[in-house]
Amino acid sequence: MITPDDSDYDTARAVWNGMIDRRPAAVVLAEDAADVSAAVNFARDNGLALAVRGGGHSAPGYGTVDDGVVIDLSPMRSVEVDAEARTARVGGGATLADLNEATHAHGLATPGGIVSTTGVGGLTLGGGIGYLTRGFGLSIDNLRSVEVVTADGQVRRASESENPDLFWALRGGSGNFGVVTTFELDLHPVDQVVVGLFFYELEHAGDLLRFFRTWITDADERYGGFPAFQMAPPLPFLPEERHGDMFCVAVVHWSGPIEDGEAAMQPFRDLAPRVGEMVSPMPYPWLNSAFDDLFPRGVRSYWKGNYVTELTDEAIEAHLAHGPKAPNPSSTMHLYPINGAASRVGATDTAFSYRHATFSTVIVSAWPDASEDAANIAWVRDYAAALTPHSEAGGYVNFMSDDDQGRITDTYGSNYERLRKVKRAYDPGNLFGHNQNITP
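On a predicted model such as this, the values are computed, not experimentally measured, just so you know.

**Student:** Can you break down the overall build of the protein residue by residue, with the values?
**Tutor:** Looking only at helices and strands, the protein features 14 helices and 15 strands. In summary, the protein has a C-alpha radius of gyration of 21 Å against a globular reference of 22 Å for 440 residues, a match within 12%. Expressed as lengths along the three principal axes of its C-alpha atoms, the size of the protein is roughly 65 × 50 × 40 Å. Put simply, the protein has 440 residues, and 59% of those count as buried. For the protein, the distance from the average site of its 32 positive side-chain charges to the average site of its 58 negative ones is 5 Å.

The following block contains the structure:
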């Protein structure tokens, strides 16, 4: 346990978002479920606020809290792979990089995320959107069971057959119901993938978005990726004089046979002239870490997200008006497709209710200097506001900021009242309230 008197306190209390500067009374470095249970009991019995940290990537900084207890799961990063059963048992503090390293050794992978430093726990509990979603569903669609410490300090197992109500709520209900110390996930045969990065002039941004909305509807589910706006980093396949310029970009991957990869990328070559492109087979973990350098630890950041069922012409016009104004290289919009396998799960089968949506939009800005806070936050808010009339009422909880608490009811839709019932059963005092909160 680390307290303010300890020399490593400032390191222990820090989270990924550099805008968050909170001072907990104690940070508990939990090594197993018993440690978690003890910390939960201590916080509850002493009326202290409680925060739970996996990878620490929460945009609103929910992995720390003022004057309360932080349960830091980072010592619990083990990943045990059963290659024959195609499953992995993953510790609550593991990152996507930890998971990918262990599973890739067996030519296996599971859907999850875009940045490899993200914690498996927070990502999964919120739903888990990633590159492999169209082919294999959300992370929660690949979740077999969990070990979870609930607000009474009890260590429980939850699955379809054990505590099924709790298991249902944990699949999309975020951190509202307990501290998950172990995840059991299904794995799939994904080893090498063919990746295409296509940079187009901004004049072709409308063409890219209109093409993508139609093409993705019935594209082979071995395709993943997204359109984006991106200030060009110093990549070797881009002209040096264009580094720092703004482009529209297609990030595409093909997880089918490697020999089919070149042909799979042809639609994006036919779309428009490219300023630069890279098409190459590579290990899946490389793809899952390609954006890591744009979001280093300690960067200041602000996020917004919406679900989109139909990418209308009006929505595309809003993208064209706001996307190119991204203020720095780590400011971007990604339009993630969530159709395919994810859409074949029923809206009430898990807490993640937006199974009918085609896309999940994220608008994020990340920057190093506090003097740039206002401009970066304004860009994200203005962009999101322009898209709101053309989006669903709810959004992906992992893409929400602290000022999105008012959207929780819309985000869970018809599942919200059932989630409240589960909350009352397992956390009636709202001990786990430092999150996108579902009130008992």
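**Student:** Summarise the sheet that holds strand β3 (residues 69–72); cite the residues concerned and give the values.
**Tutor:** With parallel pairing, three strands are arranged side by side in an open sheet as β1-β3-β2. The strands lining the two open edges of the sheet, one partner per strand, are β1 (26–29) and β2 (50–53). In this sheet, adjacent strand axes meet at a mean angle of 20 degrees when their direction is disregarded. Relative to β3, β2 runs parallel, the two being bridged by four bridges. When the sheet's bridge partners are listed, valine 52 is paired in β3 with isoleucine 71.

**Student:** Describe the packing of aromatic side chains, and please don't skip the residues or the numbers.
**Tutor:** Within this structure, the stated rule accounts for 20 aromatic pairs. Judged by centre distance (5.4 Å) and plane angle (90 degrees), the ring pair of phenylalanine 211 and phenylalanine 268 falls under edge-to-face. Pair noted here: phenylalanine 211 is in helix α7 (residues 205–215) and phenylalanine 268 is in helix α9 (residues 266–271), with a separation of 57 residues, a long-range link. Between phenylalanine 212 and phenylalanine 359, the aromatic rings sit 6.3 Å apart at their centres with planes inclined by 35 degrees, giving tilted as the arrangement.

**Student:** Residues and numbers for the pairing of strand β6 (residues 143–149), please.
**Tutor:** Summarising burial for β6: five of the seven residues are buried, a large majority. Of the strand pairs in this sheet, β6 and strand β7 (residues 155–159) are connected by five bridges, and their pairing is antiparallel. Bridge assignment links valine 149 to a residue of β7, and that residue is valine 155.

**Student:** Explain the pattern of salt bridges to me, using residue names and the numbers behind them.
**Tutor:** As enumerated under the stated definition, the model contains 25 salt bridges in all. Among the ionic pairs, aspartate 404 bridges to lysine 304, the shortest N-O distance being 3.0 Å. Within this pair, whereas aspartate 404 is found in the loop between α12 (373–387) and α13 (408–412), its partner lysine 304 is found in strand β13 (residues 300–308), the two being separated by 100 residues in sequence. For lysine 304, a relative accessible area of 11% corresponds to the buried category. Shared partners join several salt bridges into a network, and the residues in it are Lys304, Arg381, Asp403, Asp404 and Arg407.

**Student:** Mind laying out the side chain of threonine 110, listing which residues take part and the relevant values?
**Tutor:** Its place among the elements puts threonine 110 in the loop between α3 (96–104) and α4 (120–126). The residues touching threonine 110, leaving out its near neighbours within four places in the chain, are Leu99, Leu132, Asn142, Leu185, Asp186, Leu187, His188 and Tyr284.

**Student:** Break down the pairing of strand β9 (residues 192–200) for me, citing the residues and quoting the values.
**Tutor:** Across the nine residues of β9, eight count as buried, placing the element largely inside the fold. Sheet topology places β9 next to strand β12 (residues 276–283); eight bridges connect them, and they run antiparallel. When the sheet's bridge partners are listed, valine 195 is paired in β12 with serine 280. Two elements, β9 and strand β11 (residues 246–254), share seven bridges in a ladder whose sense is antiparallel. For glycine 196, the partnering residue across the bridge sits in β11 and is valine 252.

**Student:** Now, about the sheet that holds β13: what can you tell me, with residues and values included?
**Tutor:** The pairing of strands in a sheet comes from backbone hydrogen bonds and takes either a parallel or an antiparallel form. Spatially, β12-β9-β11-β10-β14-β15-β13 is the arrangement adopted by the seven strands of the open sheet, whose pairing is antiparallel. On the outer flanks of this sheet lie β12 and β13, each paired with one strand and no other. The sheet shows a mean angle of 15 degrees between the axes of neighbouring strands, direction not considered. Each of β9, β10 (223–231), β11, β14 (332–337) and β15 (359–367) is contacted by α7, which is oriented at about 160 degrees to β10, the strand it contacts most.

**Student:** Which residues make up the packing of α7 against helix α11 (residues 313–322), and what are the values?
**Tutor:** Running from amino to carboxyl end, α7 crosses α11 at an angle of 140 degrees, the nearest separation of the two axes being 10 Å. Overall, the two elements α7 and α11 adopt an arrangement that is oblique. Note that α7 runs across α11; the crossing there is right-handed. Contacts between α7 and α11 involve Ala205, Gly206, Leu209, Arg210 and Arg213 on the former and, on the latter, Asp313, Ile316, His319 and Leu320. Across the contact of α7 with α11, the residue classes break down as four nonpolar, two polar and three charged.

**Student:** Before we move on, could you go through the packing of α11 against α12 and cite the residues and values that matter?
**Tutor:** Angle between the axes and distance between the axes are the two parameters that describe a pair of packed helices. At a minimum axis distance of 9 Å, the contact between α11 and α12 shows a crossing angle of 165 degrees. Put simply, α11 runs roughly antiparallel to α12. The handedness of the crossing between α11 and α12 comes out as right-handed. For the pair formed by α11 and α12, the contact residues are Ala315, Ala318, His319 and His322 on the first element and Trp379, Asp382, Tyr383, Ala386 and Leu387 on the second.

What counts as what
- Residues numbered from 1 in each chain as written.
- Predicted model: local features only at pLDDT ≥ 70, side-chain atom pairs only at ≥ 80, totals over all residues.
- Heavy atoms only, no water.
- Helix = DSSP H or I, 4+ residues; strand = E, 2+ residues; numbered from the N terminus.
- Rg over C-alpha atoms; globule rule 2.2 N^0.38 Å.
- Buried < 20%, exposed > 50% of the residue type's maximum accessible area, 1.4 Å probe, protein only.
- Lys, Arg positive; Asp, Glu negative; His and termini not counted.
- Charge placed at Lys NZ, Arg CZ, Asp CG, Glu CD.
- Pairing = 2+ DSSP bridges.
- Axes fitted to C-alpha atoms, helices over the stretch in contact; angles between N-to-C directions.
- Phe/Tyr/Trp six-rings, centres within 6.5 Å; stacked < 30°, edge-to-face > 60°.
- Salt bridge = Lys/Arg side-chain N within 4 Å of Asp/Glu carboxyl O.
- Contact = heavy atoms within 4.5 Å.
- Parallel < 35°, antiparallel > 145°, perpendicular 65-115°, else oblique.
- Left-handed = near helix turned anticlockwise from the far one by under 90°.
- Nonpolar A, V, L, I, M, F, W, Y, C, P; charged D, E, K, R; others polar.

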